[in-house]
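# Architecture at a glance
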2 protein chains.
Amino acid sequence: MTPYFTQLTPLSFLRRSADVHPDREAVVYNDTALTYSQFAAMAESRARAFRAAGVRPGDRVAYFMPNVPEALIAQFAVPLAGAVLVAVNTRLASEEVKQIVDHSQAKMLVVDSGLVDVIAHVEFETVETIAVVTDPAAGPASVEFPELADLADAIGDGGKALNWSVADENSLISINYTSGTTGAPKGVMYSHRGAYLSAIGGLIHSKHSADSVYLWTLPMFHCNGWSTGWAVAAAGGKQVCLREVRDRVIWELIDRHRVTHFNCAPTVMISVLGSDRAHRLDSPVTVTLGGAPPSPSMAQEMRQYGFVPIPCYGLTETHGPYAVCEPQDSWQHLDDTTLAKLMSRQGVGMIQAERLRVVRLGPRDGDDLVDVPADGQTMGEIVMRGNNVMIGYFRDPEATERAFDGGWFHSGDLGVMHPDGYVELRDRAKDIVVSGGENISTVEIEQALMSHPAVIEVAVVGVPDDKWGERPKAFVLADNSHSITESELMEYLRGQIARYKVPRQIEFVNDLPKTSTGKIQKFQLKEAEWAGREFLIN
Amino acid sequence: MTPYFTQLTPLSFLRRSADVHPDREAVVYNDTALTYSQFAAMAESRARAFRAAGVRPGDRVAYFMPNVPEALIAQFAVPLAGAVLVAVNTRLASEEVKQIVDHSQAKMLVVDSGLVDVIAHVEFETVETIAVVTDPAAGPASVEFPELADLADAIGDGGKALNWSVADENSLISINYTSGTTGAPKGVMYSHRGAYLSAIGGLIHSKHSADSVYLWTLPMFHCNGWSTGWAVAAAGGKQVCLREVRDRVIWELIDRHRVTHFNCAPTVMISVLGSDRAHRLDSPVTVTLGGAPPSPSMAQEMRQYGFVPIPCYGLTETHGPYAVCEPQDSWQHLDDTTLAKLMSRQGVGMIQAERLRVVRLGPRDGDDLVDVPADGQTMGEIVMRGNNVMIGYFRDPEATERAFDGGWFHSGDLGVMHPDGYVELRDRAKDIVVSGGENISTVEIEQALMSHPAVIEVAVVGVPDDKWGERPKAFVLADNSHSITESELMEYLRGQIARYKVPRQIEFVNDLPKTSTGKIQKFQLKEAEWAGREFLIN
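Residues numbered from 1 in each chain as written. Chains lettered and ligands numbered in written order. Predicted model: local features only at pLDDT ≥ 70, side-chain atom pairs only at ≥ 80, totals over all residues. Heavy atoms only, no water.

Of the regular secondary structure elements, chain A holds 17 helices and 25 strands. A compact globule built from 538 residues would reach a C-alpha radius of gyration of about 24 Å, and chain A, at 23 Å, matches this within 12%. Counting only C-alpha atoms, chain A reaches 65 × 60 × 55 Å along its principal axes. Within chain A, counting contacts between residues at least 6 apart in sequence, those at least 24 apart form 67% of the total. (Helix = DSSP H or I, 4+ residues; strand = E, 2+ residues; numbered from the N terminus. Rg over C-alpha atoms; globule rule 2.2 N^0.38 Å. Contact = heavy atoms within 4.5 Å.)

Here it is, written out as structure tokens:
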């Protein structure tokens, strides 16, 4: 054992807080609370249950669960067992859950009692054990599975000691599935080192401390909640869980627990600000925003209530936040409009990240990527690298190679570099619509539509939406021999893909704009929908 | 280039802050100030000067300089040139400086104009270039050496681009010499990774932010100032330099710059509290304390003035602070005396460190170290490991092996483990006196005394001192044929060792207590001097 080297792992954060502050409240949920000592003991108990169920180091354990304490415990329990956490989006339909769980080759699936319906009748390819965690707030599961807590007792785990350290900091801690750009979700792999440093970065930028009371408005299945569960455990703060992210519940919990921090997409913030419970805060609440930039009016309104917005930018492939729009000292005296415009930019690399680059889409300098001029005008692709970047896509070396072309992770986002070094997003190269902070693949919707016999050709693009930022819209060329209606197609889609992905509008057209080689020019459709706006994203 | 891996180095902290906040004040000194952009540019300019002087990657560059901006710039400039910083204690005598510089095999020595006298006539073994930095506040150097700033211009650096990253995070960033326990100082090697993580730990525990105004009361030559120069640069805060750490200057700077943080040994704090300028602070100032624990009355007095004490524990071998005495929530309602007693313990491992252990001095379990019971009574040796620990002693594999015996770094400090997991120091296994936060080797003083022809036998131990915590005291058996006096011996010592190491008292004795094998029982001498006190350290 090298005396001067400890492998970095976020497990050390909970180990330390349980050591140093065993009796401090770590997690609260409805009328229950866990101290740090209980939190760590729960993680150990779950880790033993995984072992008892035959989970071996490196195996994947999938979780299908809302933001309840058990999902937070999993962030420590799964790696503590040496296994890899796959937290699945709770808004997905059965077939989508199956696709992800199967692709991850998970050996075990843990499901919240309120979500059992979705997976009860799915035939998973590799899952050997399904365990349920009954949440009294959700009621018992409709179909019977063993309770996770009973597993260790029932099977016995051989009593091997658990180790709160890892043999290799570059080994996997979790796989987080993207919404996918080709219809097939991709499994983004995080290492212990990346998770540790990303948590530290979040801790520093969001200024977490032992006084933090963090409210879980951000889904834990999104990049493991941007590493915030690990960060707050490191700081020794308190985490407030909730089943459903609704404005009235958020306000109730803010008031009841004297919340100091939460993270969310602008959509959630809009509902918080628009709530009939909204009121001026007694003490400031820091809100780390991601998924989409806050609109100028929203940022202003947030400050009026006493929220402190920290706008971030990143992707699943970068553990969530990679960049932060850090305010400059000289911005203090700017008028609100100018300030809001500057603050709606994606910003600069965080403390644990490298400099962002915006690189030319055209020819390179040999193998090297070439930066666009920092003129705030020339568009290029935003690329990133370093400890904040995933170690690759699971079981997809080709996609990994493409994503890492030239030694940098390609975001697929188009933007400009301003003269002050701040990056601003202008459009997406990838076929993605960001709706309420969720990435929706247009290609996936197109494929679902194409599976209907009446559909001949289709193109889906993002169109502006005041509430959701963007929503997908479909342009469909239908076979005239079928008399299909918009609502029939919508209904069909609801059976194929998650409801939030279903376009808000389907327009039947006689033809689609195409290039000379026959490729559909989605850009042209998009431009028409966004006419009169400065950017093609919202 | 692996897209998901960035080698950790504190260089990235200044690179980022110069990028993001180029115009923000980074360093102030008397009536001058450097912005972050200028700070980084100075580091680049110095790095070019080193190259111009023939410094190659891995070479050592020694600095002999008080806490002026140039010494802070060196913490970035030297590693930026790929070289290794050796910051030498400015209180050392010429021969001691020579010993360290020679042992480090430094190729270059940079000296403050006010300190040139000390090294001007020393013949260094490996130094090829001596450069001076003229500080107007110190006046011009008495002996002429080239000015560091002129070197790059004079010799030319070949124009190679500088790289703010490193090829291997485990490579050396600095060597920091201890006072030594056998008379010969040991060169403690730090890696870029250790420095990065230690800086992050300091940032989190001292709660540094962009609003930090950090006053340099802690010598930068002490473990590179506990990595604080890197930490504050990471946070984008301001650092206030000063030539001499005196109470009136400290108060003047606190008021003038609205200082938020400083680090120091309790001795410095005592002089600050005892100053005729002392007054209640307008806003809290966080003081990270190391070198020795704060006395109960001092901690109480600090709080009365508005200082927030953060007591830390560590050694040069652990980048300075490794442990922190983190207050428990339940201590809030304790009376001052009980609280002070709890807070004077060394505490628990910091966030970036591992758990401290207190291990049996006696037999092991095979090769494994055995923990003493956590009963607050059983004495053992405090051992540490992980990223906060040095990578070894420079050119001293035997001492390294001894220090890392059993896979843990042996502090040489004796202590107990309390039931709550907090460590408390009780005595030192090593022959060290900690005086005003400085480690003084008793063996070194003994050797200096023994070199006088009148001295036959000698023993030096630490005795309590109200101002300095401890001071060395010598017991001397003299040859009766010489009529040597205490003051003559004191005068002789001043020519041999630094003034602060000279004992405050020399007692002539007729014999020294010895074991049956003839070994002097220093413990017995020490006990008599510390009679009536609970511990044998202060």
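Here we take up the relation of the copies chain B and chain A. Overlaying chain B with chain A gives an RMSD of 0.1 Å, the required rotation being 180° about an axis along which the chain moves by 0.1 Å. Taken together, the rotation and translation describe the operation of a two-fold axis. If distances are taken from each C-alpha of chain B to the rotation axis, the shortest is found for B:Ile204, at 3.6 Å. Mapped onto chain A, 100% of the interface residues of chain B are again interface residues, and the two copies thus contact each other with one and the same surface. (Least-squares fit on C-alpha atoms with pLDDT ≥ 70 in both.)

The subject of this paragraph is the packing of aromatic side chains. Under the defined criterion, the tally for this structure stands at 20 aromatic pairs over all chains. The interplanar angle of 90° and the centroid separation of 6.4 Å between the aromatic rings of B:Phe50 and B:Tyr63 together place this pair among those described as edge-to-face. Here B:Phe50 is found in helix H2 (residues 36-52), whereas its partner B:Tyr63 is found in strand S3 (residues 60-64), with 13 residues between them in sequence. Look at B:Trp331 and B:Tyr422: their rings are 5.5 Å apart centre to centre, the planes differ by 55°, and that puts the pair in the tilted class. Taken together, the positions of B:Trp331 in the loop between strand S14 (320-324) and helix H13 (336-343) and B:Tyr422 in the loop between strand S19 (409-417) and strand S20 (423-428) put the pair 91 residues apart, joining distant regions of the chain. For the pair B:Trp331 and B:Tyr422, one class covers both residues: buried. Taken together, the ring pairs connect A:Trp251, A:Phe262, A:Tyr305 and A:Phe307 into an aromatic cluster. Over the face of the ring belonging to A:Tyr393 we find A:Lys186, whose NZ or CZ atom lies 5.0 Å from the ring centre. Lying across the ring of A:Trp408, A:Arg357 places its NZ or CZ 4.8 Å from the centre. (Phe/Tyr/Trp six-rings, centres within 6.5 Å; stacked < 30°, edge-to-face > 60°. Buried < 20%, exposed > 50% of the residue type's maximum accessible area, 1.4 Å probe, protein only. Lys NZ or Arg CZ within 6 Å of the ring centre and 35° of its normal.)

Each regular strand shows side chains that alternate between the opposite faces of the sheet. Residues and elements named next belong to chain B. Relative to strand S25 (residues 505-508), strand S24 (residues 469-478) is paired through 4 bridges, and the arrangement is parallel. Along S25, the bridge assignment pairs Lys473 with Gln505. For the segment spanning S24, helix H16 (residues 486-494) and S25, crossover handedness is right-handed. (Pairing = 2+ DSSP bridges. Right-handed = clockwise from strand over helix to strand, strands pointing away.)

Moving on, we get to the sheet that holds strand S11 (residues 261-264) of chain B. All names here are of chain B. Taking strand neighbours across the sheet as the criterion, the 9 strands line up as S2-S1-S10-S9-S11-S12-S13-S14-S15 in an open arrangement whose pairing is mixed. The open sheet has two free edges, formed respectively by strand S2 (32-35) and strand S15 (348-349), since each of these has just one partner strand. Of the pairings in the sheet, the one linking strand S9 (residues 213-215) to strand S10 (residues 238-240) comprises 3 bridges and is parallel in character. The residue bridging Tyr214 from the neighbouring strand is Gln239, located in S10. The strands that helix H9 (residues 228-235) touches are S9, S10 and S11; relative to S10, the one it contacts most, it runs at about 145°. (Axes fitted to C-alpha atoms, helices over the stretch in contact; angles between N-to-C directions.)

Here we take up the interface of chain B and chain A. Of the residues lining the interface, 51 residues belong to chain B; the matching set on chain A comes to 51 residues. Regarding the contact of chain B and chain A, the summed buried area is about 4,100 Å², with carbon and sulfur atoms giving 51% of it. The largest contributions to the chain B side of the interface with chain A come from B:Pro3, B:Tyr4 and B:Arg16, which together make up 17% of the buried area. Connecting chain B to chain A are 8 salt bridges. Salt-bridge contacts for A:Glu169 lead to B:Arg193; the nearest nitrogen and oxygen are separated by 2.8 Å. One can count 29 residue pairs in polar contact (both at pLDDT 80 or more) joining chain B with chain A. (Buried area = accessible area lost by both parts, 1.4 Å probe. Salt bridge = Lys/Arg side-chain N within 4 Å of Asp/Glu carboxyl O. Polar contact = N/O pair within 3.5 Å; in protein donor to acceptor, adjacent residues only side chain to side chain.)

Further remarks concern the nonpolar core. Judged by nonpolar contacts, the single largest core of 223 residues is most densely connected at A:Phe50, A:Met269, A:Phe307, B:Phe50, B:Met269 and B:Phe307. Ignoring any residue separated from it by four or fewer positions in sequence, one finds A:Phe307 in contact with A:Trp251, A:Ile254, A:Phe262, A:Met269, A:Val272, A:Leu273, A:Leu281, A:Val285, A:Val287 and A:Met302. (Core = buried A, V, L, I, M, F, W, Y, C linked by side-chain atoms within 4.5 Å.)

So, about the pattern of salt bridges. Scanning the entire structure with this criterion turns up 49 salt bridges over all chains. Between A:Glu252 and A:Arg256 there is a salt bridge; the shortest N-O distance is 4.0 Å. Highlighted residues: A:Glu252 and A:Arg256, both in helix H10 (residues 247-257), separated by 4 residues, approximately one helical turn. Where B:Arg248 meets B:Asp276, a salt bridge forms, and the shortest distance between an N and an O atom there is 2.9 Å. Of the two residues, B:Arg248 is situated in helix H10 (residues 247-257) and B:Asp276 in the loop between helix H11 (266-273) and strand S12 (285-289); the sequence distance between them amounts to 28 residues.

With that out of the way, let us pick up the environment of B:Val389. Here B:Val389 is to be found in the loop between strand S17 (380-384) and strand S18 (392-393). Contact partners of B:Val389, with chain neighbours within four places excluded, come to A:Pro3, A:Tyr4, B:Glu317, B:Thr318, B:His319, B:Tyr322, B:Met384, B:Phe404 and B:Phe409.

Moving on, we come to the packing of H2(B) against helix H3 (residues 69-80) of chain B. Residue and element names in this part refer to chain B. Relative to each other, H2 and H3 sit at 60°, their axes nearing to 8 Å. Put simply, H2 runs oblique to H3. For H2 against H3, the interelement crossing comes out right-handed. The residues of H3 that touch H2, namely those facing Phe39, Met42, Ala43, Glu44, Arg46, Ala47 and Phe50, are Glu70, Leu72, Ile73, Phe76, Ala77, Val78 and Leu80. A breakdown of the residues in the contact of H2 with H3 according to their chemical character gives 11 nonpolar, no polar and 3 charged. (Parallel < 35°, antiparallel > 145°, perpendicular 65-115°, else oblique. Left-handed = near helix turned anticlockwise from the far one by under 90°. Nonpolar A, V, L, I, M, F, W, Y, C, P; charged D, E, K, R; others polar.)

Residues and elements named next belong to chain A. Taken in spatial order, the 9 strands of this open sheet run S2-S1-S10-S9-S11-S12-S13-S14-S15, and their pairing is mixed. The open sheet has two free edges, formed respectively by strand S2 (32-35) and strand S15 (348-349), since each of these has just one partner strand. The strands touched by helix H2 (residues 36-52) are strand S1 (25-29) and S2; relative to S2, the strand with the most contacts, the crossing angle is about 85°. Lying over the sheet, helix H11 (residues 266-273) contacts strand S11 (261-264), strand S12 (285-289) and strand S13 (307-315), oriented at roughly 125° with respect to S11.

Right, let's talk about the environment of B:Gly54 for a bit. Note on placement: B:Gly54 falls in the loop between H2 and S3. Excluding residues that lie within four positions of it along the chain, B:Gly54 makes contacts with B:Asp59 and B:Lys107.

A separate point is the side chain of A:Gln328. Within the fold, A:Gln328 resides in the loop between strand S14 (320-324) and helix H13 (336-343). There is a polar contact of 2.5 Å between the side chain of A:Gln328 and the backbone oxygen of B:Val20. Setting aside residues up to four positions removed in sequence, A:Gln328 forms contacts with A:Tyr422, B:Val20 and B:His21.

The next subject is helix H15 (residues 442-450) of chain A. H15(A) sits mainly inside the fold: 7 of its 9 residues count as buried. Of all the residues in H15(A), the buried ones are A:Thr442, A:Val443, A:Glu444, A:Ile445, A:Glu446, A:Ala448 and A:Leu449.

This paragraph deals with H13(A). Residue and element names in this part refer to chain A. Turning to H13, its buried residues are Leu339, Ala340 and Met343. Buried residues of H13 fall within an arc of 100° about the axis and therefore sit on the same side. Residues of H13 that are buried sit in contact with helix H12 (296-305) and S13. (Arc of directions from axis to C-beta.)

What follows is about the packing of H3(B) against H9(B). Relative orientation and spacing of two packed helices are given, respectively, by the angle between their axes and the distance between those axes. All names here are of chain B. Where H3 contacts H9, the axes come no closer than 10 Å and their chain directions differ by 80°. On the basis of the axis angle, H3 is roughly perpendicular to H9. Taking contact as the criterion, the partners of Leu72, Gln75 and Phe76 in H3 are, on H9, Gly229, Trp230 and Ala233. A class-by-class count of the residues in the contact of H3 with H9 yields 4 nonpolar, 2 polar and no charged.

Once that is clear, we can look at the confidence of the model for chain A. Residues at a pLDDT of 70 or more form 95% of chain A, whose mean pLDDT is 91. Among the prediction metrics, the complex's ipTM stands at 0.86, with pTM recorded as 0.87. (pLDDT = per-residue confidence, 0-100.)

Okay, unusual backbone geometry next. Residue and element names in this part refer to chain A. One non-glycine residue, Gln105, lies in positive phi territory at about 55°. Turning to its location among the elements, Gln105 is positioned in the loop between helix H4 (94-104) and strand S5 (108-112). By relative accessible area, Gln105 is classed as partly exposed at 33%.

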